[in-house]
Amino acid sequence: MEVPEVFRFPFEPYPIQLDFMKNLYQCIEQGKLGIFESPTGTGKSLSLICGTLSWLTDHDQHKKLQLEQKLNILKKADELEVTSKPSANELGEPRWFTLATKNVRNSHEQRRIMSELNKILQQEERIKKLKQRVQNISSNALNNSESELHVFAANTKKYQTSELVTLEDDDMLIKDDSDEELPVEEPCEEMLDDTKIIFASRTHSQISQFVREVKKSPFGDGIRLISLASRQQLCINEDITSLKNSTLMNERCLEMQKNRSSSTSKTDDGRPLKKAKKSSCPFRDHKRIQLLRDISVTEVADIESLILSGKKQNACPYYAARTAISDAQLIVVPYATLLKKNTRESCGLKLHNNVIIIDEAHNLLDAISSLHTICIWGHQISQVHWQLLQYHQRYNACLSAKNVLPIKQLLFFLSCLMKSLGMHGKPSEHNHQVGLEVECKGDEKMYECSKFCVEAGFDHINIHALVEFCEKTKLPQKLLNFKPVTAEVTPIGAFKTFIGKLQSDRVQKDCAPIGETDWKGTSLMPILEFMRCLRNSDQDGRVLCVKKVLPSGGYLKYLLLNPGALFKDFVNEPRAVIVAGGTMQPNSEFRFQLFGAAGSAQSRIMTFSCDHIIPPDHVLPLVLTRGPSNKELDFSWANRSNLLDELANFLSNINQVVSGGVVCFLPSYDFERQVFEHWIRNNYISKLENRKKLFREPKEAKDVEHVLSEYARSIRQFTNPSSKCGKNGAMLLCVVGKIFFSCKAKASCPSGLTCWLDKNVMFVNCCW
């Protein structure tokens with residue numbers, strides 16, 4: 001397909017926006033790896049949306065047209081073969097044999113093409129009916145929203161008081177493949193394997209902002225978009241959301257899905273002997289989830305809207321979003337969902353033949369490294385060892401030999417990890433009587449993965465097979481029912497235990513890696529994450545073994561050193577990959593450390609960088625070191641509170657001479673609040689607002705767009721020659737790194753000024 005000269009855009013695009021979309025379109029069409037740089041305020045998000053969705057629309061239409069043309073050519077070829085005179089071919093084969101061979105090939109190709117066309121037509125018809133169905137349901141339920149929310153609250157309260165699942169022993173057993181129950185799938189038509197756009201960004205607020213941009217774009221009415229997120233963001237069951245920790249929420253959700261019918265055993269005289277109570281999530285209803293999926297596909301909705309729809313329909317937004325992937329054209333995800341392979345596969349997100357767009361990619365390498373860096377503590381290893389040991393002792397007689405072997409191997413593996421941290425006692429001692437631990441000398445060592453396996457003593461164990469066994473048998477979920485039991489201790493032992501626990505808590509608090517998320521709960525999941533990391537090459541990472549005075553306070557940490565090695569799937573499987581950001585320099589970091597390290601040829605990498613929408617001759621950067629009263633502008637932490645009057649006088653003078661917009665960036669929200677409150681107490685606000693209307697950056701991302709619109713509207717209103725109110729524009733107070741969009745707002749203004757504070761200077765940037 002040729003690159004179009006005109007793109008669907010909500011307004012006439014700037015030349016740099018048009019160039020951005022053309023290069024983006026070309027990059028996707030040619031299947032390249034793109035590094036796109038567009039400064040903040042140049043409409044990068046809108047250019048990404050319109051460029052990629054223009055290509056997707058053209059691609060789908062072109063694919064359908066191409067299939068129809070091929071089918072017509074094959075049909076005409078059959079007609080020509082029938083009317084042609086018989087003659088022998090070059091190999092001397094009879095005419096009838098040659099015709100039969102060609103007819104078989106043509107028939108096979110026609111059936112393949114017709115199958116593809118039928119899938120496209122069936123999907124178009126299904127989406128059309130789906131939209132009509134949702135529209136009918138929405139119109140009928142328009143007046144019932146309050147009653148539906150009342151039902152939602154009643155159901156939530158009802159299930160909050162339900163008891164935990166009491167599982168039968170049969171549910172806890174690890175069965176052989178022949179004994180496993182096969183899942184019953186509903187018959188459905190074969191799905192179309194079409195190309196999708198997968199957009200990833202760092203935070204959920206950025207994702208929500210992107211979805212709002214899509215909704216306002218020319219594609220907002222026709223695009224099928226779905227937002228994926230974790231249970232922590234999408235779950236609406238208060239029994240689960242009250243747990244706060246993501247690991248505990250995942251475990252509780254999986255636990256509630258084990259919905260078994262209540263069964264009661266009776267004695268000979270008819271008295272009940274045993275009863276298994278059930279407790280399932282009230283929002284895990286298949287029909288309601290299907291309805292919510294249809295609603296989410298037909299309407300462009302962010303995470304907040306999806307949650308609201310889930311509450312109205314009494315359906316789980318988390319599972320509705322996952323089931324909507326097959327019908328979606330644009331899938332919006334956070335970094336963790338896309339970049340972690342096991343997370344990506346668990347939610348059914350495929351890379352093959354899709355277009356991947358990673359926004360805010362200036363920190364992509366750091367994000368990959370942090371996502372694949374895992375830390376496990378000594379007390380976690382010991383606790384999981386205790387759980388697995390209890391499980392083995394209870395069900396050993398019921399398990400087959402091929403299931404007992406990996407369990408014993410896993411127990412041995414956990415024992416080796418404990419010994420590497422200096423834990424040589426029984427597991428229960430480390431969990432419940434920390435004060436009785438034998439103190440050891442603190443130590444830190446760094447290992448290659450293979451050398452750590454040898455040093456710890458489990459190099460003969462197949463780690464890959466153990467991970468597969470745990471995933472296939474769902475062993476982590478089975479261990480959740482084995483809760484640690486506190487050992488009985490004597491008064492002296494209790495005192496030692498208390499002192500030991502205080503020491504252990506202090507060690508963990510002091511020695512925890514900065515920014516490391518603590519795994520709460522007793523799941524085997526963090527151990528499995530560590531085991532997956534051990535399968536990586538020695539060149540890609542290292543294992544840090546940190547021993548503490550109390551062994552349970554030590555930890556093992558896998559550090560990823562080569563993020564590009566885990567990016568190979570993104571180079572080999574998708575049709576194209578776009579990494580975009582405001583500042584992508586130096587792009588050699590992406591060329592060699594990301595794409596190059598993942599095995600990409602340099603000829604496949606494409607770069608694009610554009611200037612700002614404001615011409616260079618309209619920018620005047622200045623640096624001020626002294627204020628109006630000749631006071632030194634030292635905005636360091638210790639001195640900044642002494643310069644609030646000087647800052648107010650400086651901005652007041654600026655407001656007198658600068659017509660249009662003034663944006664003042666401050667180091668933090670706290671300092672911004674301190675400045676504003678000081679100005680109110682000392683009557684500086686009225687002085688500043690004599691010439692400009694004052695705006696403040698809101699902390700909530702949803703309110704930013706409204707404040708920006710009002711800021712820009714005030715500038716246009718007060719700079720109008722017909723305005724006689726005495727004001728000449730507007731001023732905005734905001735925070736560095738939070739809302740650095742001033743140039744976008746100033747682009748339509750006669751003039752503008754940006755100033756921001758550093759440690760001991762003030763930077764001023766004039767634009768007109």
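Residues numbered from 1 in each chain as written. Predicted model: local features only at pLDDT ≥ 70, side-chain atom pairs only at ≥ 80, totals over all residues. Heavy atoms only, no water.

Caption draft 1: Quick look at the overall build of the protein. Helix and strand counts for the protein stand at 30 helices and 19 strands. Pairs at least 24 residues apart make up 78% of the contacts formed inside the protein by residues separated by at least 6 positions. Accessible surface for the protein amounts to roughly 39,300 Å². Of this, 52% is attributable to carbon and sulfur atoms. (Helix = DSSP H or I, 4+ residues; strand = E, 2+ residues; numbered from the N terminus. Contact = heavy atoms within 4.5 Å. Areas by Shrake-Rupley, 256 points an atom, 1.4 Å probe, with all protein chains shown as cover.)

Caption draft 2: Focus on the sheet that holds strand 8 (residues 374-377). Strand order in the open sheet formed by four strands is 8-11-10-9, and the pairing between neighbours is antiparallel. Of all strands in the sheet, those bounded by a partner on one side alone are strand 8 and strand 9 (443-447). Neighbour-to-neighbour, the strand axes of the sheet open up by a mean angle of 15 degrees, direction not taken into account. Here five bridges tie strand 9 to strand 10 (residues 541-547), and the two strands are oriented antiparallel to one another. What sits directly across from Asp443, in strand 10, is Lys547. (Pairing = 2+ DSSP bridges. Axes fitted to C-alpha atoms, helices over the stretch in contact; angles between N-to-C directions.)

Caption draft 3: Main features of the packing of helix 17 (residues 401-420) against helix 20 (residues 463-473). Two elements in contact, helix 17 and helix 20, have axes separated by 10 Å at closest approach and are oriented at 115 degrees. Here helix 17 runs over helix 20; the crossing is left-handed. Seen from helix 17, the contacting residues are Asn403, Pro406, Ile407, Gln409, Leu410 and Phe413; seen from helix 20, they are Ile463, Leu466, Phe469 and Cys470. Of the residues contributing to the contact of helix 17 with helix 20, the split by class is eight nonpolar, two polar and no charged. (Left-handed = near helix turned anticlockwise from the far one by under 90°. Nonpolar A, V, L, I, M, F, W, Y, C, P; charged D, E, K, R; others polar.)

Caption draft 4: Focus on the confidence of the model for the protein. The share of residues in the protein with pLDDT of 70 or more is 75%, and the mean pLDDT across the chain is 78. Mean pLDDT in the protein bottoms out at helix 30 (residues 742-746), which sits at 36, and peaks at strand 7 (residues 355-358), which reaches 96. For residues 757-762, every residue scores under 50 in pLDDT, and the model assigns this stretch 29 contacts once sequence neighbours within four places are set aside. (pLDDT = per-residue confidence, 0-100.)

Caption draft 5: Spatial organisation of the pairing of strand 15 (residues 660-666). Burial analysis of strand 15 places seven of its seven residues in the buried class, the great majority of the element. Judged from the seven bridges that link them, strand 15 and strand 17 (residues 729-735) form a sheet pairing that is parallel. Bridged to Gly661 within strand 17 is Ala730. (Buried < 20%, exposed > 50% of the residue type's maximum accessible area, 1.4 Å probe, protein only.)

Caption draft 6: Geometry of the pairing of strand 2 (residues 197-201). Within strand 2, five of the five residues are buried, which leaves it mostly tucked inside the rest of the structure. The side-chain alternation of strand 2 yields two buried faces, one formed by Ile197, Phe199 and Ser201 and the other by Ile198 and Ala200. Strand direction decides the pairing type here: strand 2 and strand 6 (residues 330-334), joined by five bridges, are parallel. Looking across to strand 6, one finds that Ile198 is bridged to Ile331.

Caption draft 7: Structural detail: the sheet that holds strand 3 (residues 225-227). In space, the seven strands of this open sheet follow the order 3-6-2-7-12-1-13, with parallel pairing throughout. If you trace the sheet from one side to the other, it starts and ends with strand 3 and strand 13 (605-609), each paired once. Taking the axes of each pair of neighbouring strands and ignoring which way they run, one obtains an average angle of 15 degrees across the sheet. Examined bridge by bridge, strand 1 (residues 33-37) and strand 12 (residues 576-581) share five bridges and lie parallel to one another. Note that in strand 12 the partner of Leu33 across the bridge is Val577. Packed onto the sheet, helix 6 (residues 204-216) meets strand 2, strand 3 and strand 6 and runs at close to 160 degrees relative to strand 6.

Caption draft 8: Region of the structure containing helix 25 (residues 588-596). Buried within helix 25 are the following residues: Phe590, Arg591, Leu594 and Phe595. Projected onto a plane normal to the axis of helix 25, the buried residues spread over an arc of 125 degrees and lie on a single side. Against the buried residues of helix 25 lie strand 1, helix 15 (364-371), helix 24 (568-572), strand 12 and strand 13. (Arc of directions from axis to C-beta.)

Caption draft 9: A look at unusual backbone geometry. Cis peptide bonds are those with omega within 30 degrees of zero, and the linkage from Gln585 to Pro586 qualifies with -5 degrees. In this model, Asn630 sits at a positive phi of 65 degrees, which is unusual for a non-glycine residue. Inspection of the secondary structure assignment puts Asn630 in the loop between strand 14 (619-624) and helix 26 (644-657). For Asn630, a relative accessible area of 54% corresponds to the exposed category. Its identity as a non-glycine residue notwithstanding, Asn683 has a phi of 60 degrees, on the positive side. Along the polypeptide, Asn683 turns up in the loop between helix 27 (669-681) and helix 28 (684-688).

Caption draft 10: Looking closely at the pattern of salt bridges. Using the criterion set out here, one finds 22 salt bridges in the structure. A salt bridge links Lys216 to Glu213, with the shortest nitrogen-to-oxygen separation between them at 3.8 Å. On the criterion of helical spacing, the pair formed by Lys216 and Glu213 is a turn pair, its members being three residues apart in helix 6. Glu213 gets classed as buried once you look at its relative accessible area, which sits at 13%. The closest approach of N and O atoms between Arg696 and Glu672, which form a salt bridge, is 2.8 Å. (Salt bridge = Lys/Arg side-chain N within 4 Å of Asp/Glu carboxyl O.)

Caption draft 11: Representation of the packing of aromatic side chains. In the structure shown here, the tally under the stated rule is 16 aromatic pairs. Seen from their ring centres, Tyr447 and Phe452 are 5.7 Å apart, and the 55 degrees between their planes marks the pair as tilted. Each member of the pair Tyr447 and Phe452 is classed as buried. Taking 4.7 Å as the distance between ring centres and 15 degrees as the angle between the ring planes, the aromatic pair formed by Phe567 and Phe570 counts as stacked. Take Phe570: its relative accessible area is 1%, and that puts it in the buried class. (Phe/Tyr/Trp six-rings, centres within 6.5 Å; stacked < 30°, edge-to-face > 60°.)

Caption draft 12: Layout of the nonpolar core. Phe413, Phe458 and Phe567 are the most contacted members of the largest nonpolar core, which has 103 residues in total. When residues in this core are grouped by element, the largest group, nine residues, is from helix 17. Leaving out residues up to four positions away in the same chain, Phe413 has contacts with Phe458, Ile461, Ile463, Ile527, Met531 and Leu534. Counting residues in each nonpolar core, the second largest holds 38 residues, with Ile28, Ile49, Ala580 and Met606 among its members. (Core = buried A, V, L, I, M, F, W, Y, C linked by side-chain atoms within 4.5 Å.)

Caption draft 13: How the structure looks around the environment of Asn354. One can find Asn354 in the loop between helix 14 (341-346) and strand 7. Considering only alpha carbons, one finds Asn354 and Arg575, 221 residues apart in sequence, at a separation of 5.4 Å.

Caption draft 14: Focus on the environment of Glu455. Mapped onto the elements, Glu455 comes out in helix 19 (residues 449-456). A relative accessible area of 56% places Glu455 in the exposed class. For the pair formed by Glu455 and Cys416, sequence separation is 39 residues and the distance between their alpha carbons is 9.3 Å.

Caption draft 15: Helix 23 (residues 525-534), seen in detail. Of all 10 residues in helix 23, nine are buried; the element is thus mostly enclosed. Among the residues of helix 23, Pro526, Ile527, Leu528, Glu529, Phe530, Met531, Arg532, Cys533 and Leu534 are the ones counted as buried.

Caption draft 16: Main features of the side chain of Ser201. Along the chain, Ser201 turns up in strand 2. Using a relative accessible area of 1% as the deciding quantity, one classes Ser201 as buried. For Ser201, the residues in contact, after removing those within four places along its chain, are Gln206, Ile207, Val333, Pro334, Tyr335, Asp359 and Glu360.

Caption draft 17: Molecular detail of the packing of helix 15 against helix 25. Relative orientation of the contacting elements helix 15 and helix 25 amounts to 30 degrees, with a least axis distance of 11 Å. Between helix 15 and helix 25, the crossing angle belongs to the class labelled roughly parallel. Contacts from Leu364, Leu365 and Ile368 of helix 15 reach helix 25 at Glu589, Phe590, Gln593 and Leu594. Within the contact of helix 15 with helix 25, the residues separate by chemical class into five nonpolar, one polar and one charged. (Parallel < 35°, antiparallel > 145°, perpendicular 65-115°, else oblique.)

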